[in-house]
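Chain by chain, the residues:
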Amino acid sequence: MIARLSDVVTDPLIGLLSDKTKTRFGRRRPWIVVGAPLLVISSLMLFRPPGEVTNLYLLIWISAIYLAFTLIAIPYIAWGTEIAGDYQDRSRVTGTREVFMQLGLLIAISIGAIAWLGWSTVLFVPLCMLWLFSSVGEPPRPAVTSVPFGRGIWLVLKNGPFRILLIASMFGALASSVGMGVGILFFEHALGLGAQAPLLILVTFVCAILGAPLWVYLGGRMSKHRALGYAAGASILAFAFVPLIVLWLKPASPELVLPAMLAVVTVQGLASSAGAILGLSILADIADIDMLKSGEPRAAFLVSFLGMVRKIFEAIGIGMALPALAWAGFDPKMSTHSDRAIDALLIVYCVVPLILSLCSMIVIWHYPVSRERQARLSALLARRIARRV
C-alpha cells in the first residue's frame, strides 16, 4: 500500500514533464528510455533476489518497479491518444494495445518459474522498446501556449466530462482492488476449489482477449460510454450469481461449483477489457476538450491524473479488504472457518464490489460526449490550432 501511494507524487509530475518535453527525439520517447532500465533492474531484484528479502527490501524494489511503470506507461498511453484523432480509431488503438497487454499477462502467468519472469523482462523490454521507436512516429507538438500548473489543475477539475470519468474510475478501482485482493482466498476457502482456482484466472485472461474486438465495435456502433455501461451491467449480472453458488449450489451439488464459476468468469472476462479500451479512448476524447480550454496538449497529464486517483483508491481498497476479513475472524491458515468468517469473505469479495461497480456504471452512463459532439469538438480544435499557428 505504501509503495502504491508513492505514485501519487510521481504520476502527475511525470505526466506534466512529459507534456512539456521538447527534444529532437520526441516528447514521449526520452521518458520510456529512462524507465526501461529501471524496470529491468527492479524486476530482477524482485524475481531473482541476491540475498535475504526483508520488508524494507520489498518496499524499495516494489516502489522502484512502480516508478519504472510510471515512467513508461504514462508517456506510452499519452502517445497512443495522439496518434489517432478519429472517434473510432482511438478505440482501435486502445483495443489493440489491450489485446497485447492481456497476452503478455497470459504469458506471464503461464511461465510458472518465477526466475524466468525476471529474465523475460531483461529480454523483451529492450526489444519491444526498439520496435516501438522504429515503427511509430510521434506527432509534433502544436505551437500553442503553456498553461501554469495551478491553473492547469483548476481546468482539469472544472472539466465536466473528465470529472464523470474520474468518479466512475474511483468506484471501479475500489471494486477491482477489493475483489482481486481477496479473490484467491475466496476461491480456496469459500468455494473450495483449491488447485482448480488458477483455471478461473486463466479463463478470465483468455476471455478478456476475445472480448476486446467486441467492445471496439460496440463503442463505434453506439457510443463508448454506453458500450462501457453495458459491459459493466453484464459483469454485474454475472457476478450477482456468485452468492447463490456459495450459499445454495455448493451445499446441494458441490461438483457443479466449478462449471458455474467458469460461466461467471467467462462473462466477466469478456466484459473486463471494456474498461481499459473504452475508458482510455474516452480519455483521448477528453484531451481534446482540455486542449480547447487550456490551450495546451496535456494528454500525459490527464493520463497521470486519472492514474494517480485510481492508484489511491486501489490502495484504499486493498488496505480495507484484508483488515476487514481479519476483524471478522477469517484466518487463511485455517482449513475450517466459522459461518461468520465465510460470510465476511463473501461480502468483501462479492457484495462490496457489486455495489461499487453499480455506482461506477450509473456514473459513466451520464457521460455527455457522443460521437457527433466529439466530431464537432475536433473540428473546432483543428480550426483553433490553425489560427494560432
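Scope of this entry: the structure provided in the associated data block. (Residues numbered from 1 in each chain as written. Predicted model: local features only at pLDDT ≥ 70, side-chain atom pairs only at ≥ 80, totals over all residues. Heavy atoms only, no water.)

## With respect to the overall build of the chain
The condition that has to hold: Helix and strand definitions follow DSSP, with helices as H or I runs of at least four residues and strands as E runs of at least two, each counted in order from the N terminus. Throughout, the radius of gyration refers to the C-alpha atoms, and the reference size of a globule is 2.2 Å times the residue count to the power 0.38. Classification of residues uses two cut-offs on accessible area relative to the type maximum, computed with a 1.4 Å probe and protein chains only: under 20% is buried, over 50% is exposed, and between them is partly exposed. The contact definition used throughout considers only heavy atoms, calling two residues in contact when any of these lie within 4.5 Å. Note that accessible areas follow from Shrake-Rupley with a 1.4 Å probe, and for residues the cover is restricted to the protein chains shown. Positive charges come from Lys and Arg, negative ones from Asp and Glu, while His and the chain ends are left out of the count. To locate a charge, the coordinates of NZ of Lys, CZ of Arg, CG of Asp or CD of Glu are taken.
Scanning the chain from N- to C-terminus turns up 15 helices and zero strands. Over its C-alpha trace the chain gives a radius of gyration of 22 Å, about what one expects of a compact globule, namely 21 Å for 389 residues. Each principal axis of the C-alpha atoms in the chain carries an extent, and together these give about 70 × 50 × 35 Å. Looking at the chain residue by residue over its 389 residues, the buried ones come to 48%. Contacts spanning at least 24 positions in sequence make up 83% of the contacts within the chain whose residues lie at least 6 apart. Here the chain displays about 18800 Å² of accessible surface, and carbon together with sulfur accounts for 72% of that area. Charged side chains in the chain number 32 positive and 20 negative. The centres of these two groups are separated by 12 Å.

## What to know about helix α8 (residues 160–190)
Test applied: Expected span of a helix: the number of residues minus one, times 1.5 Å. Bend is computed residue by residue as the angle between axes fitted to the seven residues ending at the residue and the seven residues starting at it.
Between its first and last C-alpha atoms α8 spans 42 Å; for 31 residues at 1.5 Å apiece the expected length is 45 Å, and the two agree. Helix geometry: α8 is bent most strongly at G183, by close to 50°. Just downstream of α8 lies G192, where phi reads positive at about 70°.

## Looking at the side chain of N159
You can see N159 is positioned in the loop between α7 (149–158) and α8. On the basis of relative accessible area, N159 is assigned to the buried category, the value being 0%.

## Concerning the packing of aromatic side chains
What counts here: To pair, rings of Phe, Tyr and Trp, with the six-membered ring standing in for Trp, must have centres within 6.5 Å; the planes then decide the type, stacked if under 30 degrees apart, edge-to-face if over 60, and tilted in the middle. Whether a charge lies above a ring is judged from NZ of Lys or CZ of Arg, which has to be within 6 Å of the ring centre and within 35 degrees of the ring normal.
With the rule as written, the count across this model stands at nine aromatic pairs. With a centroid separation of 4.2 Å and an interplanar angle of 15°, the aromatic rings of F186 and Y349 are classed as stacked. Note that F186 is positioned in helix α8 and Y349 in helix α14 (residues 339–365), a separation of 163 residues in sequence. The exposure classification of F186 matches that of Y349, with both residues buried. Ring geometry for F187 and Y349: centres 6.0 Å apart, planes at 70°, overall edge-to-face. With F187 in helix α8 and Y349 in helix α14, this residue pair connects regions lying 162 residues apart in the sequence. Here a set of aromatic residues connected by ring pairs shows up, and it is made of F186, F187, F239 and Y349. Directly above the aromatic system of F25 lies the positively charged group of R29, at a separation of 5.8 Å from the ring centroid.

## Some thoughts on helix α5 (residues 87–111)
We apply this condition: By the criterion applied in these results, polar contacts are pairs of N or O atoms within 3.5 Å in which, for protein atoms, one can donate a hydrogen and the other can accept it, and in which residues neighboring in sequence qualify only through two side-chain atoms.
End to end, α5 covers 37 Å across 25 residues, agreeing with the expected 36 Å (1.5 Å per residue, within 8%). Among the structural elements, α4 (55–82), α9 (197–221), α10 (224–239), α12 (257–294) and α15 (371–388) are those in contact with the buried residues of α5. At the N-terminal boundary of α5, the capping side chain belongs to D86, with an oxygen 3.0 Å from the backbone nitrogen of Q88.

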